[in-house]
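Coordinate inspection notes
This is what each chain is made of:
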Amino acid sequence: MTLLQMSVLVGLLSLGHVAGVHGFAHLLNDAELRSAFSVARTNSMEGGPKMTVTFDTVYVNIGGDFDAKAGLFRCRIPGAYYLSFTVGKFPHKDLSVMLMKNRNEVQAIVYEENSGEERKVQSQSVMLELEFGDTVWLRLHGDPRYALYSNTGHYTTFSGYLVYPDTYGYQTHHHPAFTSQSSQQASVPVLNENQATENIRSGTSYTVEEKEPKQKEEEQEEEEEDEVDEDNDQHSAFSVGRTQSIVGVDQVGMPQHQPVSFDTAFVNIGEDFNVTEGVFTCRVPGAYYFSFNVGKLPQKTLSVKLMKNHLEVQAMIYDDSQGEKALQSQSLMLALKPGDTIWLYSHQRDGFGAYSNHAKYITFTGFLVYPDLPTTTSSQTHADKKP
């Protein structure tokens, strides 16, 4: 085989490699980028040395990322995950279960301080940005005066699923051999015909000026980046927490209907949520899922509403009991248009309040489920059908 023939062959291989990279990116389809779990526990548990909540019933474990016996979810696909858990309260015991990340990073909590004989459930949910290898689990308070209740009715459940995957992070951790091979193949020298002929005549070792394949590869990479950018433009998600309580007061001159502000941002994909102002502004029209959880301040009435735009009440939580600290939850889906705002309002008069601390009793989460489909005019539709 002549040097010129070798040059042509290597050039064809390089072109094939460029197409392979593009093809590989599209192999990361929905089937490969799935991770979801939903588990339950059928027996009660008392606080003690073993604080990790384990499970014995598995409803869903797509990707096999949840170890039910260990009570541990290990992130395989980097991205934004929605996590929710519901825990039963044991009669005559207090309830304190925390959502943990990695070793000892408290993310959120369910808490019930009333040690009465009644049984009830408490729920909490949050969205977390997870990296490859991150772990998420539930921890019951180690003091024996705390316990969780469950039986065959499955009072205690734990669920989570991947909302927005980080495909680049997934490729890095799961296909390193291909990534290394790609960079090596991309640097293979390719001779053009003039270079090959000149080198044959001179008898010298050849040097390379890779042009056409490199240009095509760069164009392909730009196209893939554009596709990723377009996908990311359709992503919108937030999850925030508040570490301070809210106490209503009667004070003349105070601004009315102030949104609840937050001091912790777990996720803010698209930067559509203003954490300090407590307001989400819709950028991508579509159907959104929202959930919020609020702790009850002892001896105060709890009244928190989910608001849309100015003063349009969408949903609320309310508790006027005189008991100790507890948690209330609410969730719903809304169809939003660009510019719509969503926020939480806690009643600001004296006698009302909401409880939180470093464990973040107060959380607020929302994410785009389905963006609106682009509309086409009838004339465009008929034109598309013409041969």
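Residues numbered from 1 in each chain as written. Predicted model: local features only at pLDDT ≥ 70, side-chain atom pairs only at ≥ 80, totals over all residues. Heavy atoms only, no water.

A word on the overall build of the protein
Here is the rule: A run of H or I in DSSP counts as a helix once it spans at least four residues, and a run of E counts as a strand once it spans at least two, with each numbered from the N terminus. When accessible area is computed with a 1.4 Å probe and restricted to protein chains, residues below 20% of their type maximum are described as buried, those above 50% as exposed, and intermediate ones as partly exposed. Under the convention used here, a 1.4 Å probe and the Shrake-Rupley method define accessible areas, while residue burial counts only the protein chains that appear.
When you go through the protein residue by residue, the secondary structure sums to 6 helices and 24 strands. When burial is assessed residue by residue, the protein has 44% of its 387 residues classed as buried. Surface exposure of the protein reaches about 20000 Å², of which carbon and sulfur atoms provide 51%.

Quick notes on a nonpolar patch on the surface
Put simply, the rule reads: Patch membership requires more than 30% relative accessible area and the absence of a salt bridge. Residues of like charge join within 9 Å; the nonpolar side chains Val, Leu, Ile, Met, Phe, Trp and Tyr join within 5 Å. We count a salt bridge whenever a side-chain nitrogen from Lys or Arg sits within 4 Å of a carboxyl oxygen from Asp or Glu.
A surface patch of nonpolar side chains, amounting to about 260 Å² of accessible area, comprises Tyr59, Val60 and Ile62. Position of Tyr59 among the secondary structure elements: in strand E3 (residues 57-62).

Considerations on the pattern of salt bridges
Here the structure, examined in full by the defined rule, presents 7 salt bridges. Note that Lys93 and Glu46 form a salt bridge whose closest N and O atoms lie 3.1 Å from each other. Residue Lys93 is found in the loop between strand E6 (79-89) and strand E7 (95-101), and its partner Glu46 is found in strand E2 (residues 45-46); the two are separated by 47 residues along the sequence. One salt bridge in this structure joins Asp65 and Arg76, with 2.8 Å as the shortest N-O distance. Of this pair, Asp65 sits in the loop between E3 and strand E4 (66-67) while Arg76 sits in the loop between strand E5 (72-74) and E6, and the two are 11 residues apart along the sequence.

Notes on the packing of aromatic side chains
The condition is simple: In this scheme Phe, Tyr and Trp rings, the latter by its six-membered ring, pair at centre separations within 6.5 Å, and the angle between planes marks the pair as stacked below 30 degrees, edge-to-face above 60, and tilted otherwise. Placement of a charge over a ring requires the Lys NZ or Arg CZ to be within 6 Å of the ring centre, with the centre-to-atom vector within 35 degrees of the ring normal.
Under the defined criterion, the tally for this structure stands at 29 aromatic pairs. With a centroid separation of 6.4 Å and an interplanar angle of 55°, the aromatic rings of Tyr111 and Tyr146 are classed as tilted. Taken as a pair, Tyr111 in strand E8 (residues 105-112) and Tyr146 in the loop between strand E10 (135-140) and strand E11 (147-149) lie far apart in primary sequence, 35 residues in all. Side by side, Tyr111 and Tyr146 carry an identical accessibility label, which is buried. Between the aromatic rings of Tyr288 and Phe290, the centroid separation amounts to 6.1 Å while the plane-to-plane angle is 20°, which identifies the pairing as stacked. Here Tyr288 matches Phe290 in class, with each residue buried. An aromatic cluster is built from Phe37, Phe55, Phe66, Phe73, Tyr81, Phe85 and Phe158, whose rings are joined through pairwise contacts. The ring of Tyr355 has Lys325 lying over it, and the distance from NZ or CZ to the ring centre is 5.1 Å.

Observations regarding the sheet that holds strand E22 (residues 341-346)
Defined as follows: For two strands to be treated as a pair, DSSP must find no fewer than two bridges joining them.
Reading across the sheet, the 5 strands line up as E16-E17-E22-E19-E20 and stay open at both edges, with antiparallel pairing between neighbours. Each end of this open sheet is capped by a strand with a single partner; those strands are strand E16 (273-274) and strand E20 (312-319). Pairing of E16 with strand E17 (residues 279-281) involves 2 bridges; the strand directions are antiparallel. Note that in E17 the partner of Asn274 across the bridge is Val279.

Observations concerning the sheet that holds E10
The strand order E4-E5-E10-E7-E8 describes an open sheet built from 5 strands, whose pairing is antiparallel. One side of each edge strand has no neighbouring strand; the edge strands of this open sheet are E4 and E8. Note that E4 and E5 share 2 bridges and pair antiparallel. In the sheet register, Phe66 faces E5, and the bridge partner there is Phe73.

Comments concerning the pairing of strand E18 (residues 286-296)
The element E18 is largely enclosed, with a buried count of 10 among its 11 residues. Pairing between E18 and strand E21 (residues 326-336): 11 bridges, direction antiparallel. Across the sheet, residue Tyr288 finds its bridge partner in E21, namely Leu334. Alignment of E18 against strand E24 (residues 362-371), held across 8 bridges, turns out to be antiparallel. Counterpart to Tyr288 in the pairing with E24 is Leu368.

With respect to the confidence of the model for the protein
How we decide: Confidence of the predictor at the level of single residues is given by pLDDT, which spans 0 to 100. In this description, contact between two residues means that some pair of their heavy atoms is separated by no more than 4.5 Å.
Chain-level pLDDT for the protein is 81 on average; 71% of the residues reach the 70-or-more range. Predicted confidence is poor over residues 6-27, with pLDDT under 50, and the contacts of this stretch with residues over four places away or in other chains come to 34 contacts. Taken as a whole, residues 178-191 scores under 50 in pLDDT and shows 28 contacts with residues more than four places along the chain or in a different chain.

Considering the environment of Val39
Here Val39 shows up in strand E1 (residues 36-41). Val39 sits in the buried class, given a relative accessible area of 1%. In this structure the C-alpha to C-alpha distance between Val39 and Val60, which are 21 residues apart in sequence, comes to 7.0 Å. Beyond its immediate chain neighbours, meaning those up to four positions away, Val39 contacts Phe55, Thr57, Val58, Tyr59, Phe66, Thr156, Thr157 and Phe158.

Side note on the nonpolar core
What counts is decided by this rule: Nonpolar core, defined: a set of buried Ala, Val, Leu, Ile, Met, Phe, Trp, Tyr and Cys residues in which side-chain atoms within 4.5 Å join the residues together.
Counting residues in hydrophobic clusters, the biggest one holds 77 residues, and the most contacted among them are Phe158, Phe290 and Phe364. Beyond its immediate sequence surroundings of up to four residues, Phe158 is in contact with Phe37, Ser38, Val39, Phe55, Phe66, Ser84, Phe85, Leu99, Val136, Trp137 and Leu138.

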